[in-house]
Amino acid sequence: MIDQFGRKIEYLRISVTDKCNLRCVYCMPMEGLDWLKRQSILSFEEIADIVRVMAPMGLCKVRFTGGEPLVRKDLWKLVEMVAQVPGIEDISLSTNAILLAEQGQSLRDAGIDRVNISLDSLKADRVDAISRRPGSFHRIMRGIEVAQELDFHPIKINVVVIGGQNDDEIEDFALMTKDKPWSVRFIELMPTGSNLDLSAKSFVSCQEVLSRLRSISELHPVTGPVGNGPATYFKFPEAKGTVGVITPMSHNFCDRCNRMRLTADGQLRPCLFGDIQTNLRDALRETRDIVPLIEETLRIKPERHHLIQGSMEGSGGLVALSQTGG
Ligand code: SAM
Ligand code: SF4
């Protein structure tokens, strides 16, 4: 799958649910969202069917995301189905890790190779405040321990940098990579309908993150760990892990985009933002051929997103990243 800008599309991010057991301040409103109706959500069989169609077209990497993917019952069964599709070489998971201690083993056995875990602070009270769910920190840390025990590799820790809430911990997060073979990635806060005020007032650019890190120690650019994506990676001398920055706002990385997204209700989205999406679910349920729909979505994949800080403009009306899988 090559798009009109010459980008090779080989990666599908699959959102398995729009629901979540947390309410991160930058992602979802406290009261949650209007959840998708059960019947509009793709079944495991339907998701696997879409992967089976896309694999011969060039799909080789899949990531499960959400909402929180682990709140979808028996996710491991879907992982197992997708792992059996010829051509799928890499299966990963983005999770808040709240349920990872319970489910890690079955997911590993089913075929998940690596995990990205969201952790926005190293302080329990802050994680609980940012996620707006008391007790989160200890469950996430236990989830990370289990991920290490199960040898998921690499473990990537995603930190959304929020001015005034966790930006004084940038150095502490980065210094962990000296001893731990993790990849700690700082993500710029993106504006969506549910966080316009926060994203306007609390944005911290990754340029600032990097200049703070360079003031602690030398930082060398490196090729990132497995899973080439939008992050740019660096390493402290002798460190076991790496530090990454993901800069959707200050530096557009769309020229390297290698992915499409499938929402929980079966919309194929060529870009995280914007309003282009193709309804694969209905076509599948009407037993129509979805190949032409996938080809057309690829053909109209935009060159880049046009996000503007503190504004809905360019976001395509997206209320929360949990709706498209982040
Ligand atoms: N629930 C899982 C998690 O939190 O890792 C997976 C879904 S979440 C939508 C995927 C990623 O998007 C997480 O790393 C999260 O921190 C990030 N994210 C959500 N809203 C964001 C925003 N407004 N700006 C930047 N990153 C955001
Ligand atoms: Fe849930 Fe992930 Fe959004 Fe936090 S970022 S509310 S964990 S979907």
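See the structure printed just above.
Rules behind the numbers
- Residues numbered from 1 in each chain as written.
- Chains lettered and ligands numbered in written order.
- Predicted model: local features only at pLDDT ≥ 70, side-chain atom pairs only at ≥ 80, totals over all residues.
- Heavy atoms only, no water.
- Helix = DSSP H or I, 4+ residues; strand = E, 2+ residues; numbered from the N terminus.
- Rg over C-alpha atoms; globule rule 2.2 N^0.38 Å.
- Buried < 20%, exposed > 50% of the residue type's maximum accessible area, 1.4 Å probe, protein only.
- Areas by Shrake-Rupley, 256 points an atom, 1.4 Å probe, with all protein chains shown as cover.
- Lys, Arg positive; Asp, Glu negative; His and termini not counted.
- Charge placed at Lys NZ, Arg CZ, Asp CG, Glu CD.
- Axes fitted to C-alpha atoms, helices over the stretch in contact; angles between N-to-C directions.
- Parallel < 35°, antiparallel > 145°, perpendicular 65-115°, else oblique.
- Left-handed = near helix turned anticlockwise from the far one by under 90°.
- Contact = heavy atoms within 4.5 Å.
- Near = heavy atom within 4 Å.
- Polar contact = N/O pair within 3.5 Å; in protein donor to acceptor, adjacent residues only side chain to side chain.
- Nonpolar A, V, L, I, M, F, W, Y, C, P; charged D, E, K, R; others polar.
- Pairing = 2+ DSSP bridges.
- Arc of directions from axis to C-beta.
- Phe/Tyr/Trp six-rings, centres within 6.5 Å; stacked < 30°, edge-to-face > 60°.
- Lys NZ or Arg CZ within 6 Å of the ring centre and 35° of its normal.
- Salt bridge = Lys/Arg side-chain N within 4 Å of Asp/Glu carboxyl O.

A. Looking closely at the overall build of the protein. The number of helices and strands found in the protein is 10 helices and 12 strands. What you see for the protein is a C-alpha radius of gyration of 19 Å, in line with the 20 Å of a compact globule of 326 residues. Burial statistics for the protein: of 326 residues in total, 57% are counted as buried. Carbon and sulfur atoms make up 51% of the accessible area of the protein, which amounts to about 13600 Å² in all. The protein carries 40 positive and 43 negative side-chain charges, and their two centres are separated by 1 Å.

B. Up close: the packing of helix H1 (residues 44–54) against helix H2 (residues 75–83). Contact pair H1 / H2: the axes reach a minimum separation of 10 Å and the direction vectors enclose 25°. One finds that H1 runs roughly parallel with respect to H2. With respect to the hand of their crossing, H1 and H2 are arranged in right-handed fashion. Residues Phe-44, Glu-45, Ile-47, Ala-48 and Val-51 of H1 pack against Leu-75, Lys-77, Leu-78, Met-81 and Val-82 of H2.

C. Seen up close, the environment of Val-62. Note that Val-62 resides in strand E2 (residues 61–65). Spatially, the C-alpha atom of Val-62 lies 32 Å from that of Ala-124, the residues being 62 residues apart in sequence. Those residues in contact with Val-62, other than ones at most four positions away along the chain, are Tyr-11, Leu-12, Ile-14, Val-82, Ile-88, Asp-90, Ile-91 and Ser-92.

D. Looking closely at the site of ligand 1. Residues in close proximity to ligand 1 total 19 residues, the closest being Tyr-26, Gly-67, Glu-68, Ser-118 and Met-190. Between ligand 1 and Glu-68 there is a distance of 3.2 Å, counted from a nitrogen atom to a side-chain nitrogen or oxygen. Within the side chain of Ser-118, an N or O atom sits 2.7 Å from an oxygen atom of ligand 1. The protein chains hide 94% of the 540 Å² of surface that ligand 1 would expose on its own. Those elements giving two or more residues to the shell around ligand 1 turn out to be strand E3 (90–95), strand E5 (155–161) and strand E6 (183–188). Broken down by class, the residue content of the shell around ligand 1 amounts to 7 nonpolar, 10 polar and 2 charged.

E. Inspection of the sheet that holds strand E10 (residues 259–262) at higher detail. The strand order E7-E8-E9-E6-E5-E4-E3-E2-E1-E10-E11-E12 describes an open sheet built from 12 strands, whose pairing is mixed. Of all strands in the sheet, those with a lone pairing partner are strand E7 (220–222) and strand E12 (278–279), marking the two edges. Pairing geometry for E7 and strand E8 (residues 232–235), over 3 bridges, is antiparallel. From the neighbouring strand, Val-222 faces E8, where its bridge partner is Tyr-233.

F. Looking closely at the side chain of Thr-17. Assignment of secondary structure puts Thr-17 in the loop between strand E1 (11–15) and H1. For Thr-17, a relative accessible area of 7% puts it in the buried group. Of note is the side chain of Thr-17, whose polar atom sits 3.0 Å from the backbone nitrogen of Lys-19. Setting aside residues up to four positions removed in sequence, Thr-17 forms contacts with Thr-65, Gly-66, Gly-67, Glu-68, Pro-69, Val-71, Ala-264 and Ser-322.

G. Broad picture of H2. The complete set of buried residues in H2 reads Leu-75, Leu-78, Val-79 and Val-82. Down the axis, H2 shows its buried residues gathered within 105° of arc, on one side only. Buried residues along H2 sit against H1, E2, E3 and helix H3 (100–110).

H. Focus on the packing of aromatic side chains. Following the criterion strictly, the structure yields 1 aromatic pair and no others. Where Phe-173 meets Phe-186, the ring centres are 6.4 Å apart and the plane angle is 90°; that geometry is what we call edge-to-face. One end of the pair, Phe-173, is in helix H6 (residues 170–175); the other, Phe-186, is in strand E6, and 13 residues separate them in sequence. On the accessibility criterion, Phe-173 (0% relative accessible area) is buried. Directly above the aromatic system of Phe-152 lies the positively charged group of Arg-108, at a separation of 5.0 Å from the ring centroid. Across the ring face of Phe-236, the terminal group of Lys-178 is positioned such that the distance to the ring centre comes to 5.4 Å.

I. Up close: the pattern of salt bridges. Tallied over the entire structure, the rule returns 18 salt bridges. Across the pair Asp-49 and Arg-52 runs a salt bridge whose closest N-O atoms are separated by 2.7 Å. Here Arg-52 and Asp-49 lie together in helix H1, a separation of 3 residues that amounts to about one turn. Asp-49 sits in the partly exposed class, given a relative accessible area of 32%. Residues Asp-74 and Lys-73 are paired through a salt bridge, measuring 3.4 Å at the closest nitrogen-oxygen approach.

J. Examining the pairing of E10 more closely. Because side chains alternate across E10, one face comprises the buried residues Arg-259 and Arg-261, and the other comprises Met-260 and Leu-262, equally buried. Sheet topology places E1 next to E10; 4 bridges connect them, and they run parallel. Residue pairing for E10: Tyr-11 is matched across the bridge by Arg-259. Between the antiparallel neighbours E10 and strand E11 (residues 267–269) lie 4 residues, among them Gly-266 with a positive phi of about 80°.

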